[in-house]
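# Breakdown of the fold
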Amino acid sequence: MAQMNSVYLRGNMTRDPEKRFLPSGNSVVSFGFAVNRRYRSGEEWKEDTCFVDVVVYGRQGDWVMEQTSKGSPLVVEGRLSFRSWEAQDGSRRSKHEVVANSIHFLSTRAEMSGGGGGSRSTESYTPPPQDSPMTDDDIPF
């Protein structure tokens, strides 16, 4: 049976993107992301927030660095990844994160042009296929 690992999230960046470089020289950008869920519990409306780290490679990461900042509304399409490492104090650490395949920047036309109006518009960047895809082993952190 075929396996599937797809993640689609709509939310906001919780911190400015940070750029690092792999030993191969390729860039990797990471940022925090929050997805809110509003639901009804009895007669009361409640809100729950899920926080996740997102990782973006190559030119798409460069685009994220140029076009976004803390608070930016985005749609992130990617896959769920698990990694573990040894911290400086010798303890084992691990976490799940989303490795983005595609980022869609959400904003209003007014925000994009500086004028009035409230129509929704999206801008997105999907990188071309890479000849040599990176693996989790390429990530030094």
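This section reports on the structure supplied with the text. Keep in mind that this is a model prediction, so the values were computed, not measured.

## Re the pairing of strand β4 (residues 44-57)
Direction of pairing for strand β3 (residues 27-41) relative to β4: antiparallel, over a ladder of 14 bridges. Paired with F33 across the strands is V52, a residue of β4. Taking the residues between adjacent antiparallel strands as the criterion, β3 and β4 are bridged by 2 residues, where G42 takes a positive phi near 70°.

## So, the pattern of salt bridges
On inspection of all chains with the given rule, the structure shows 8 salt bridges. Where K19 meets D62, a salt bridge forms, and the shortest distance between an N and an O atom there is 2.6 Å. One end of the pair, K19, is in strand β2 (residues 18-21); the other, D62, is in helix α1 (residues 58-67), and 43 residues separate them in sequence. A salt bridge links R93 to D89; its shortest N-O distance comes to 3.7 Å. Given the relative accessible area of 57%, D89 is considered exposed.

## Some thoughts on the environment of E18
Mapped onto the secondary structure, E18 falls in strand β2. Owing to a relative accessible area of 37%, E18 belongs among the partly exposed residues under this scheme. With sequence-adjacent residues up to four places away left out, E18 is seen in contact with V28, V29, S30 and M65.

## Details of the packing of aromatic side chains
All chains considered together, the criterion is met by 1 aromatic pair. Measuring from centroid to centroid gives 6.2 Å for F31 and F33, while their planes differ by 75°, and the two rings are edge-to-face. Relative accessible area serves as the criterion here: at 0%, F31 is assigned to the buried category. Accessibility expressed as a relative area gives 0% for F33, which makes it buried. If you follow R38 out to its NZ or CZ, it ends over the ring of W45, 4.7 Å from the centre. Over the aromatic face of W85 sits the side chain of R83, whose NZ or CZ is 4.7 Å from the ring centroid.

## Comments concerning the nonpolar core
As a rule of thumb, nonpolar side chains are buried together in soluble globular proteins. Counting residues in hydrophobic clusters, the biggest one holds 17 residues, and the most contacted among them are F31, F33, V54, V64, L74, V76 and I103. At the level of secondary structure, the elements contributing two or more residues to this core comprise β1 (7-13), β3, β4, α1, β5 (73-86) and β6 (92-108). Of the residues forming this core, the biggest block, 4 residues, is contributed by β6. Core analysis: the next-biggest nonpolar cluster, separate from the first, contains 5 residues, L22, V28, V55 and Y57 among them.

The rules behind each value
Residues numbered from 1 in each chain as written. Predicted model: local features only at pLDDT ≥ 70, side-chain atom pairs only at ≥ 80, totals over all residues. Heavy atoms only, no water. Pairing = 2+ DSSP bridges. Helix = DSSP H or I, 4+ residues; strand = E, 2+ residues; numbered from the N terminus. Salt bridge = Lys/Arg side-chain N within 4 Å of Asp/Glu carboxyl O. Buried < 20%, exposed > 50% of the residue type's maximum accessible area, 1.4 Å probe, protein only. Contact = heavy atoms within 4.5 Å. Phe/Tyr/Trp six-rings, centres within 6.5 Å; stacked < 30°, edge-to-face > 60°. Lys NZ or Arg CZ within 6 Å of the ring centre and 35° of its normal. Core = buried A, V, L, I, M, F, W, Y, C linked by side-chain atoms within 4.5 Å.

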